[in-house]
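Observations on chain architecture
Residues per chain are reported as follows:
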Amino acid sequence: MDSEGRSPLAAACAAADAWVGVAGPRTVLLASPRSWCAGVERAVEVVERLLEEPGRRGRPLFVRKQIVHNTHVVRGLERRGVVFVEELDEVPEGATVVFSAHGVSPAVREEARGRGLEAVDATCPLVTKVHAEARRFSARGDTVVLIGHDGHEEVEGTLGEAPEHSVLVQSPSDVRDVEVPDPDRVTYLTQTTLAADETAEAVDALRARFPRLKEPPSDDICYATTNRQNALEAIVPGAGLVLVIGSANSSNSLRLVERTRRAGTAAHLIGDATGIRPGWLAGVATVALTAGASAPQALVDEVIRALSGLGPVTVQEHSTAVENVRFAPPKEVRTP
Ligand code: 10G
Ligand code: SF4
């Protein structure tokens, strides 16, 4: 019996009925850009190149934290022998460990050195840029107010650059509680994957409290985050439902869902095609589809195939930007 007291057969029939009830032709508006950004491509490439290095075959390869926040990517690499750990004390001395795309604090680098690990850094260069800003602005005597989400690896890494001179702000309402030694010497920085609209509100609140607030020389919210938000925003008005492919801990994917909901359209985060619920599709002739920066394009194809199983699907791709950003891999994995 299931939670509603039905036999397995009755439950299966009810599920089939629910899917039959939402069968019919549909249009899929496909956001572009979507899916992997240059930082994710580079991070996955770092791990793949290390796996393939002849000298390393047979030796375990460790990655601290998820290389990117996508369970399909992580499971795929695990199947190829990668061992994901939460902290460095799980890595045997002398082994190779990759730091994830979200970055690490200097304390983690120091720990790796102290334990004699060979560390390969897959931090996205655009996260490294924010770390450099945190070091520079704290060194000139500013308090760094980081706008971001508590507990996220990227935030932990950036705060770790100058822990004594940094304060985390998660929302505009946090701003009133910020204590700084000198209100004239405050610079804000942000996590790279925030929603632009929410961040602007937090910056306004900071500026109201600290009129001499300084900003980063260029936007810390990265090009990929901005492009994915703009691309989705452009197609939402024509859709009855928005599906965002991404894992539950993917900040940039969650921001796509939240922004759409704030604009008044139903939106759901799905890990893959199995996450779609028939009830969401009832009466919906047009679905807007996108994928967060860590979700592989293959999952997008799979969702389109799943929707095609319910009736003919017309895919209309809408592009709001062309991305040709590529980051060189770190020197440890560069081919000569
Ligand atoms: O969106 P977040 O930061 O949670 O990470 P992700 O792995 O889902 O997407 C790629 C973005 C980063 C590596 C953070 S800069
Ligand atoms: Fe780099 Fe932006 Fe991708 Fe993060 S989301 S890995 S900052 S390109």
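What counts and what doesn't
Residues numbered from 1 in each chain as written. Chains lettered and ligands numbered in written order. Predicted model: local features only at pLDDT ≥ 70, side-chain atom pairs only at ≥ 80, totals over all residues. Heavy atoms only, no water. Near = heavy atom within 4 Å. Polar contact = N/O pair within 3.5 Å; in protein donor to acceptor, adjacent residues only side chain to side chain. Areas by Shrake-Rupley, 256 points an atom, 1.4 Å probe, with all protein chains shown as cover. Nonpolar A, V, L, I, M, F, W, Y, C, P; charged D, E, K, R; others polar. Helix = DSSP H or I, 4+ residues; strand = E, 2+ residues; numbered from the N terminus. Pairing = 2+ DSSP bridges. Axes fitted to C-alpha atoms, helices over the stretch in contact; angles between N-to-C directions. Salt bridge = Lys/Arg side-chain N within 4 Å of Asp/Glu carboxyl O. Buried < 20%, exposed > 50% of the residue type's maximum accessible area, 1.4 Å probe, protein only. Contact = heavy atoms within 4.5 Å. Parallel < 35°, antiparallel > 145°, perpendicular 65-115°, else oblique.

With respect to spatial proximity, 15 residues lie near ligand 1, and among them His69, Ser250, Ser251, Asn252 and Ser294 are the closest. Take asparagine 249: an N or O atom from its main chain is 3.4 Å from an oxygen atom of ligand 1. Taking asparagine 252, its side chain carries an N or O atom lying 2.7 Å from an oxygen atom of ligand 1. Considering ligand 1 on its own, with 390 Å² of exposed area, one finds that the protein chains cover 96% of that surface. For the shell around ligand 1, the residue count by class is four nonpolar, ten polar and one charged.

Moving on: the environment of alanine 248. Its place among the elements puts alanine 248 in the loop between strand 9 (241-245) and helix 9 (251-262). Sequence separation between alanine 248 and asparagine 70 is 178 residues, and the spatial gap between their C-alpha atoms is 8.3 Å.

What follows concerns the sheet that holds strand 6 (residues 143-147). Overall, parallel pairing links the three strands, which are arranged 7-6-8 in an open sheet. Each of the sheet's edge strands pairs with one partner strand only, and the pair in question is strand 7 (166-169) and strand 8 (186-190). Ignoring which end each strand starts from, the neighbouring axes of this sheet average 25° apart. Note: strand 6 against strand 7, four bridges, orientation parallel.

Glancing now at the pattern of salt bridges. Applying the stated criterion across every chain, the model contains 25 salt bridges. The salt bridge partner of glutamate 45 is arginine 326, with a shortest N-O separation of 3.5 Å. Here glutamate 45 is found in helix 2 (residues 38-52), whereas its partner arginine 326 is found in the segment after strand 12 (313-319), with 281 residues between them in sequence. Residue glutamate 45 is classed as buried on the basis of its relative accessible area, which comes to 17%. Residue class for arginine 326 comes out exposed when judged on its relative accessible area of 56%. Between lysine 214 and aspartate 142 there is a salt bridge; the shortest N-O distance is 3.3 Å. You can see lysine 214 sitting in the loop between helix 7 (196-209) and helix 8 (223-235) and its partner aspartate 142 sitting in the loop between helix 5 (125-139) and strand 6, a full 72 residues away along the chain. Under the relative-accessibility criterion, aspartate 142 is labelled buried at 2%. Residues joined in a network through salt bridges with shared partners are Glu41, Glu45, Arg49 and Arg326.

Here we take up the sheet that holds strand 4 (residues 96-99). The strand order across the open sheet formed by four strands is 3-2-4-5, and the pairing between neighbours is parallel. Every other strand in the sheet has two partners, leaving strand 3 (82-85) and strand 5 (118-121) as the edge strands with one partner each. Averaged over all pairs of adjacent strands, the angle between strand axes in this sheet comes to 30°, irrespective of strand direction. In this sheet, strand 3 lies alongside strand 2 (residues 61-64) in parallel orientation, the contact comprising four bridges. Counted as the bridge partner of arginine 64 is valine 85 from strand 3. Sitting on the sheet, helix 2 touches strand 2, strand 3, strand 4 and strand 5, and the angle it makes with strand 2 is about 160°.

This part covers the packing of helix 7 against helix 9. Running from N to C, helix 7 and helix 9 cross one another at 80°; their axes reach a closest spacing of 9 Å. With respect to each other, helix 7 and helix 9 are oriented roughly perpendicular. Residues Ala196, Asp197 and Glu198 of helix 7 form the contact with helix 9, whose participating residues are Glu258, Arg259 and Arg262.

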